[in-house]
Each structure stands twice: as C-alpha cells, then as structure tokens.
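# Coordinates in review
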Amino acid sequence: MGDRFDVIVVGAGPAGTSCAYTAAKSGLNVLLIERGEYPGSKNVMGGILYRKQMEEIIPEFWKEAPLERPVVEQRFWFMDRESMVTSSYKGLEWGREPYNNFTVLRAKFDQWFASKAVEQGALLINETVVTECIVEDGRVVGVRTDRPDGDVYADVVVLADGVNSLLGKSLGFHKEWKPDEVALTVMEVMNLPKKTINERFNVEDNQGVSIEIFGDSTQGLLGTAFLYTNKDSLNIGVGTTLSGMIKKKLKPYHLLEYVKTHPMVKPYLEGGETAEYLAHLIPEGGYKSVPRLVGDGVVIVGDAAQFVNAIHREGSNMAMSSGKMAAEAIVRAKEIGDFTERTLDHYRKELYRSFVGKDLKKYKDVTHTFEDHPQYMADYIPMLNKAANKFFTVDGSPKKQKQSDIIKGFTKDKGKITVARDLIRAWKVMK
Amino acid sequence: MHILVCIKQVPDTKIIKVNPKTNTLDRSSAPAILNPYDAHAVEEAVRLRKIYGGKVTVLSMGPPQARNAIRKCVEIGADEGILISDRRFAGADTLATSYALFKAVEKIQKTDGVDLILCGKHAIDGDTGQTGPGVARRLGIPPLTCVIRVEDVDVENRTLKVHRKVEEGYEVIASTLPSLLTVEKEINEVSWAPLPNMIRAARYEPSVWNVDDLDDVDIKQLGLKGSPTIVGKMWPPEKSKGAKMISGDPADQTVAVMKIFMKEQELFTKAGRKN
Ligand SMILES: Cc1cc2nc3c(=O)[nH]c(=O)nc-3n(C[C@H](O)[C@H](O)[C@H](O)COP(=O)(O)OP(=O)(O)OC[C@H]3O[C@@H](n4cnc5c(N)ncnc54)[C@H](O)[C@@H]3O)c2cc1C
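Keep in mind the model is a prediction, meaning the values are calculated, not measured.

About the thresholds
- Residues numbered from 1 in each chain as written.
- Chains lettered and ligands numbered in written order.
- Predicted model: local features only at pLDDT ≥ 70, side-chain atom pairs only at ≥ 80, totals over all residues.
- Heavy atoms only, no water.
- Helix = DSSP H or I, 4+ residues; strand = E, 2+ residues; numbered from the N terminus.
- Buried < 20%, exposed > 50% of the residue type's maximum accessible area, 1.4 Å probe, protein only.
- Contact = heavy atoms within 4.5 Å.
- Rg over C-alpha atoms; globule rule 2.2 N^0.38 Å.
- Domains from an automatic or database assignment.
- Buried area = accessible area lost by both parts, 1.4 Å probe.
- Salt bridge = Lys/Arg side-chain N within 4 Å of Asp/Glu carboxyl O.
- Polar contact = N/O pair within 3.5 Å; in protein donor to acceptor, adjacent residues only side chain to side chain.
- Nonpolar A, V, L, I, M, F, W, Y, C, P; charged D, E, K, R; others polar.
- Near = heavy atom within 4 Å.
- Areas by Shrake-Rupley, 256 points an atom, 1.4 Å probe, with all protein chains shown as cover.
- Core = buried A, V, L, I, M, F, W, Y, C linked by side-chain atoms within 4.5 Å.
- Pairing = 2+ DSSP bridges.
- Axes fitted to C-alpha atoms, helices over the stretch in contact; angles between N-to-C directions.
- Phe/Tyr/Trp six-rings, centres within 6.5 Å; stacked < 30°, edge-to-face > 60°.
- Patch = residues over 30% accessible without salt bridge, like charges linked within 9 Å, V, L, I, M, F, W, Y side chains within 5 Å.

### A closer look at the overall build of chain B
Tallying secondary structure elements over chain B gives seven helices and 13 strands in all. Considering only C-alpha atoms, chain B reaches an extent of 75 × 50 × 40 Å along its principal axes. Across the 275 residues of chain B, 43% fall into the buried class. For chain B, restricting intrachain contacts to residue pairs at least 6 apart in sequence, the fraction spanning at least 24 positions comes to 69%.

### Here we look at the overall build of chain A
Helix and strand counts for chain A stand at 15 helices and 17 strands. Whereas a compact globule of 431 residues would reach a radius of gyration of roughly 22 Å, chain A reaches 23 Å, a difference of no more than 12%. Principal axes of the C-alpha set define a box for chain A whose edges measure 85 × 50 × 35 Å. For chain A, with 431 residues in total, the buried portion stands at 55%. Counting only contacts in chain A whose residues sit at least 6 apart along the sequence, the fraction spanning at least 24 positions is 72%.

### Considering the side chain of R49 of chain B
All names here are of chain B. Locating R49 in the fold gives a position in helix α1 (residues 36–52). Accessibility expressed as a relative area gives 18% for R49, which makes it buried. Leaving out residues up to four positions away in the same chain, R49 has contacts with I3, G54, K55, V56, G77 and D79.

### Focus on the domain arrangement of chain A
Residues and elements named next belong to chain A. If you check the domain split of chain A, you get domain 1 (4–68 + 104–174 + 286–362), domain 2 (182–283) and domain 3 (367–430). The straight-line distance from the C-alpha centre of domain 1 to that of domain 3 is 43 Å. Taken residue by residue, the interface counts four residues in domain 1 and four residues in domain 3. Summed over both sides, the interface between domain 1 and domain 3 buries roughly 340 Å², with carbon and sulfur atoms accounting for 51% of that surface. The largest contributions to the domain 1 side of the interface with domain 3 come from K288, I311 and K362, which together make up 79% of the buried area. Where domain 1 touches domain 3, the interface holds zero salt bridges. Remark: the boundary between domain 1 and domain 3 carries zero residue pairs in polar contact (both at pLDDT 80 or more). Residue composition of the side of domain 1 that touches domain 3, by class: two nonpolar, no polar and two charged.

### What to know about the site of the ligand
Residues and elements named next belong to chain A. Not every one of the 35 residues close to the ligand is listed here, only the nearest: E34, G46, R106, D303 and S316. Contact between the ligand and R35: an oxygen atom at 3.0 Å from a side-chain N or O atom of the residue. R106 is positioned with one of its side-chain polar atoms (N or O) 2.7 Å from an oxygen atom of the ligand. Considering the ligand on its own, with 990 Å² of exposed area, one finds that the protein chains cover 95% of that surface.

### Let's talk about the nonpolar core
Ranked by size, the top nonpolar core spans 81 residues in total, and within it I8, F61, F109, F307 and Y347 of chain A carry the most contacts. For this core, the leading source of residues is helix α9 (residues 316–336) of chain A, giving 10 residues. Ranked by size, the runner-up nonpolar core spans 35 residues in total, among them L144, V162, V183 and Y204 of chain B.

### A closer look at the sheet that holds strand β6 (residues 55–61) of chain B
Residues and elements named next belong to chain B. Strands sit in the order β11-β10-β9-β12-β8-β1-β6-β7-β13 across an open sheet of nine strands; the sheet is mixed. In this open sheet, the two edge strands, each paired with only one partner strand, are β11 (169–176) and β13 (207–209). Averaged over all pairs of adjacent strands, the angle between strand axes in this sheet comes to 30°, irrespective of strand direction. The sheet contact formed by strand β8 (residues 116–120) and strand β12 (residues 180–183) spans four bridges and is parallel. Counterpart to I117 in the pairing with β12 is L180. Packed on one face of the sheet, α1 meets β1 (2–7), β6, β8, β9 (143–154) and β12 and runs near 175° to β1. On the sheet, helix α3 (residues 94–112) packs against β1, β6, β7 (80–84), β8 and β13 and is oriented at approximately 150° with respect to β6.

### Things to note about the pairing of strand β10 (residues 151–159) of chain A
Residue and element names in this part refer to chain A. Among the nine residues of β10, eight are classified as buried, and the element is accordingly described as predominantly covered. Direction of pairing for strand β9 (residues 139–145) relative to β10: antiparallel, over a ladder of three bridges. For G142, the partnering residue across the bridge sits in β10 and is Y153. Connecting β9 to the next strand, β10, in antiparallel fashion are five residues, including D149 with a positive phi near 50°. Here β10 pairs with strand β17 (residues 298–300) via three bridges, running parallel. Within the sheet, the bridge partner assigned to L159 lies in β17 and is I300.

### Remarks on the interface of chain A and chain B
If you look at the interface, chain A gives 17 residues, while chain B gives 10 residues. In total, about 1,200 Å² of surface goes out of reach between chain A and chain B, with carbon and sulfur atoms giving 65% of it. Considering only the surface of chain A that becomes buried against chain B, L123, I125 and R147 of chain A emerge as the three largest contributors, covering 42% of it. Joining chain A to chain B, the criterion identifies one salt bridge. Linking chain A with chain B are four residue pairs in polar contact (both at pLDDT 80 or more), by the criterion used here. If you list the elements that add at least two residues to the side of chain A that touches chain B, you get β7 (123–125) and β10 of chain A. A total of three residues in the side of chain A that touches chain B trace back to one element, the largest contributor, which is β7 of chain A.

### Regarding the packing of aromatic side chains
How two aromatic rings sit relative to each other is given by the distance of their centres and the angle of their planes. All names here are of chain A. Going through the model one piece at a time under the given rule, you end up with 17 aromatic pairs over all chains. Both rings, one in F109 and one in W112, keep their centres 5.8 Å apart while their planes meet at 45°; by these two values the pair is tilted. Taken together, the positions of F109 and W112, both in helix α3 (residues 106–119) and three residues apart, correspond to about one turn of that helix. For F109, a relative accessible area of 1% translates into the label buried.

### Brief notes about the pattern of salt bridges
As a working rule, side chains carrying opposite charge can pair if their charged atoms are close by. What the rule picks out here adds up to 49 salt bridges over all chains. For E171 of chain B, the salt bridge is made with R164 of chain B, and the minimal N-O distance between the two is 2.8 Å. Because the salt bridges share partners, they merge into one network encompassing R4, D6, D155 and K334 of chain A.

### Overview of a nonpolar patch on the surface
Residues and elements named next belong to chain B. There is a patch of nonpolar side chains on the surface, built from V257, M258, I260, F261 and M262 and spanning about 370 Å² of accessible area. With respect to the secondary-structure elements, F261 resides in helix α6 (residues 250–264). According to the relative accessible area criterion, F261 is partly exposed, its value standing at 42%.

### A few points about the environment of Q219 of chain A
Residues and elements named next belong to chain A. Structurally, Q219 can be placed in the loop between β12 (208–215) and β13 (223–229). Separated by 128 residues in the primary sequence, Q219 and G91 place their C-alpha atoms 31 Å from one another. Not counting chain neighbours up to four residues away, the residues in contact with Q219 comprise K248, L250, L255 and Y258.

### Here we look at the sheet that holds strand β4 (residues 71–79) of chain A
All names here are of chain A. In space, the seven strands of this open sheet follow the order β5-β4-β12-β13-β14-β11-β15, with mixed pairing throughout. In this open sheet, the two strands that pair with only one neighbour each are β5 (84–90) and β15 (273–283). The sheet shows a mean angle of 15° between the axes of neighbouring strands, taken without regard to direction. Where β12 lies against β13, four bridges are found, and the strand directions are antiparallel. When the bridges of β13 are listed, E212 appears paired with F226. Against the sheet, helix α13 (residues 375–392) touches β4, β5, β12 and β13, its axis set at about 95° to β4.

If you want it as structure tokens, here you go:
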C-alpha cells in the first residue's frame, strides 16, 4: 500500500491549487499532482485574472505575484468587415490598489501560485499523470498514476483536471462533452516592446487594456476574439463553439489568421513576433452542463465541472472559488471523520449559494439561445455598423431622416415582428 | 558501499538566450535543471546500490535554489543530499569549485567513508569537464573520465573495472576503490521515477552547509579569489548551416542520397576513379 494523504488534488491549475492551498493552510496533508513539467506549463488563458477571488485566497497577492498589467480600460468592439462600433470604460482607479483585474501569463502565474500552496505545506509532484481513480465499494479511495508503484491513497480526491476531465468521465459523472458544450480557442502570445504597447494602447507602464471583439472576428459564429496587453507582449486569440466550427468547416488557426489580419486589428499587432501558439477548450455548456459534483470520497472543481461564465469570460475565478469551497467542505468532513457524499455535499450547496452557482444560473440559456439563433452575431452586428455609418456620414440629409432610415434598415429584411422577438429573447436570456 | 555523486544545477542551455552585446548567457531566460550528465551519474549510483547495497549521497555546490536539483536526484533514487552554499563560494571557476567540493567530501568521508565518487562528464553550461578530475586529484584517488560502463565492483578487495569511451571505441581499465568516475550519457537510461520517490523528493530537505561547516578551509582558495581563470574573449559559436532534409518515398530518398554521394565523393566519375 502506497503513501496516504488527507487529500489528493489532481491538476495544479487555479482550481486545484486554490484547493490545495486552502486545505494545506488548514493543516491537512495534501498531495497536488500535475502532469505538466511544472504548473502552468500546459495551461492556456486569455489572461484576465480577477482580483476579488484571488484575494480571498491570498490577500494582497499583487505585491508578489507575477502579474503583467492591471487592466485600467475595457474595450468592446462590435466589428464588421471594414468598420466597428466600440464602447469602453477607462478608470485610473483600476490602476491602483486594490485594482480590478490583471492580465497574466499562466505559465508564470500558475507556477508561482503552486509554490504558495507548497509554502503552506502541500506536496507538489510534477510530470505525473493520474490515469484513474481507485474505487473500492463505490468509494473513491485514491488515484493511480502513470509512474511505477504509482498508487496513492487519500480520504478525498479532488478532480481539478480541467475541461476534458477524463477522470470525471471515467467515474460516470459526465459524458463526453458535446460540441456545443465547449468552445475551441486558439491564441498567440506576440512579443512587442513595452514602449510600443504603451503608445499603441494609450497607456503607461503599469496600465493594461483588454479588448473583447464580437462580430466579424468569428465570421458571425458564436464566440469572441480578444486582445490583451501584457508587459511586453500581447495576447491575441479567438474562440467559437466547437459545433460552430464544425458546421462552418472552419479551422481554428485560419480563424486566428483572419482576426490577426483584419484591418481593425492588424495595426495593433504590427511588428509583433509570435512567441507562443496555444490552443485549448473552454467549457461553455453552463448551468445545464454542470456534472455531478460530489461522490463518496470525491469532488470535482473548476473547468472539470464546467464552471465558466462564457458571457463575462470568467473561468479562473470560478475555478478558484470552487477549489476553495471544496477545500472548506473537506476540512469540515475531516473534523467529523466522514467523507461520504452526504458530508461532502456541503461543497455543492455552498457552491450553488455563491456567485458561481448564481451566475451560471442567470446565464443558463445564453449560449444555447445564441447558438440556436445565429442572427445575433451574423446579422445584428453588421446592422449596427451600417446604422452608425449612416448616422455619422455627413451627406446633407437631416438627422431625423437618418434615424427613420436606420430603423427601417433594421426591420426591412426581417420584419418588425422578428426583430422585436429577437430583442425580447436576448433580453430574457441576459436579464 | 557508500557512493557519492557530485551534481550541478545548470540553466537549460538547449533554450537559453545569449546576450548579443556581452555574449554572456542570460540565465534568467532558461529554467534551471539538473545537469543532464549528472542525472546519468545518479542513475548509475542507484543501479550499483541495488546490486552491492549501501547508500547514495549527492553533493552539490550552488545557490539555495540548487536544492531543487538535489530533489531531482532523490526522485532518481538518491538517499541523501548535501548542498554547500555560501556567498564565499560565489564566482568560483573549476579550480575553486573542485577545492570546495573536495573539502565537503573530506568532511563526509570522516563520518561515512566514501567508496566511489561519480560525476557527469561535464556540465552543459561550461563544458570543461575539469571539476571531477580536480576533486579526484585533491583526494589523491584515480580519476577515470568518459566512463560508459562500470562492472566487477569488488567491495572487499577494493577494485572495479570500467569501460572508457575513447576516440575509436572503448578501453577497459581496472582501478581501485575509491575512484572518481565521470560518466557519459550512454552509460544508462535514466529511468521513470516511481511515485514513492517523487513523494519523498517533494518532501526532502537537503542538508545545507556553509564554509564554516567545513574543516580547515583555506579561504583564499574559494570563490572568485581562488579562481585564476581569465575569460579572454567570448563569442557565440557559429550557427551550423543545418542539415539538408530529403523527403519523398524511400525510392526517391535513395536516389537523392546517391546523387549527392556521386557528386560530392565523385563516385563513378572520371575524377573519382583516379583516387
Ligand atoms: C483561450 C482561453 C482564454 C481564457 N480566458 C480567460 C480569462 O481571460 N479569464 C478567466 O478567468 N478565464 C479564462 N479562461 C478560462 C480559464 O482558463 C479556465 O476556466 C481555468 O483555467 C480553469 O482552471 P482549472 O484549474 O479548472 O483548469 P486548468 O487551468 O485547465 O488546470 C487543469 C490542470 O490539471 C492538469 N491535469 C489535467 N489532467 C491531469 C491528470 N490526469 N493528471 C495530472 N494533472 C492533470 C493540467 O495539466 C492542468 O494544469 C480562458 C480559457 C481559454 C482556453
């Protein structure tokens, strides 16, 4: 019989590390197993880290964590082929403590975060793949790894193994995700001198910009592109539901190429050198796709449990909060010495009571609705651009005339009723 | 049998960047790893321990982060690790390094006795291969470099046999215990560490010694002061032109290769026939 721990956490991403950190800090004996060469070596994220949930784990983390830039400006682009309508907010208070959110590079951030869990007493093992859960009498009692003598046992196993969660699947907690439950995202890190970034994005050294791009960036498919500023590099990426890509027979890297060479985007990237090319799935099934979360001796957290708010591109924060809540439930279970589903279910209850459960519920129909009704991305964004063009082009026609033309333009092709119905539907799923 | 392995943490020179102005290595651009040759030395020590029993201790000089390289050795199967770490060691060339290691070996010998010392052939950040032999000479034991096989270790009669890689093959040498061997990569394959070793390594805290923990140290022979090496000039190695890739099905490839031979070696040509 191999070593024994209170908790084994599989996967050192934000979910797993938060869980390991919290459990170790409470004095539990924690083993954190990561398949990558080091935590973060294989992890992909657009790069927005939210201050709030991170701070709940490590207060004032910004004083020592390897962050890129605090985001002081969020821009939204509604892009057509040769135009865009934009909206943005810039607030310099976001550039000061306590900040709002930060751009990060996961390879650096995850490594640092995991080292903090180790400081709390968790044991971290890299380059080790967990191949299955060891189940005895319907109870998860440990994990099997790909190493010789690779079995190791614990009271509770936490599955924080990311979007594919082969382990969750093998326990029968969920089936293979359907193509409309995941988004395929590709991104590049492009090196660009700090000075150039500052000038191009109109910021100073310690200020960052996030840009979310809708519309032509996904050629009308449900999805978004993003452009974020790091210290001396940019993250540019694009993702759409897997089902959309399959339907349109699009190759992800073609789509990224399309975004990079789009006339609205290209000038921002000029002179950038591609340092990394990354591809990853994002769980976007939302509330309805959340699998079973708890079993005897096992809980599932983060992407592995589909905890992503696709509308607000929040994933890492939900991962962290779920990891922390799982750890708290395990600490509680340890106190009473009972690790059955009934006790661990505390985690599920707390989760649904928290912002994770509430936000997932609020947007439960969004992805599905937009997926079934492609007109939002494909038609309305071009229409918005046409309207803006018409309104701002000085051609001698009175503004009143322009307004009525614009409204006619909106309803001409579809009819008033269809447009009204689309608006109500969108309002309903977003409200 | 007590086997001591001298190891070093090095920047991964496969991916390291060279500062184009000073031609020095930009150490922050590459992760720190266990010198790959040293991994083979540890593996060999562990293999010998399995046969002859005893203990494997690793010894390293370096900054506090070098503890991670020692943990890597524990993953491979080392029993103990000692790091000698002190600002007064800093800036050492191979002469000063071998002196410091020698002093540490002396101290280990006093309590444990050392039957065999293994080192990697060289460290990939310096490629000198001088430190191992330097330690051997100071200890007054035979240095055997470029070893590709160890056999017939006789702990009782204090002898062993090794195969040394030489230009045109290998030579077999009998030596006495203790000897110091520096090993080539082909001596073994570093095995996939078992999980218990990984867990032990994650927990493991090596002993850390500073200069004052060693006995009778001549401070003048340590660190920068003890390092007569002068770097005259540095330049990056010329970039190799790269190999020519030949593709196509096997028949195409054969034809392409034959064409090159015929041209370059002047095979089947009038000029070639004369040679
Ligand atoms: C392109 C892209 C952009 C994104 N942008 C943002 C953003 O801007 N903001 C945001 O908050 N979220 C974003 N997300 C989502 C965010 O990345 C995820 O929600 C978050 O990483 C989930 O964390 P996790 O710990 O659950 O999973 P992961 O980060 O995927 O970590 C899982 C870990 O488990 C390891 N692992 C997996 N299987 C095994 C195994 N069998 N054995 C051992 N180890 C294993 C993996 O190597 C990995 O380290 C983005 C995602 C993508 C793909």
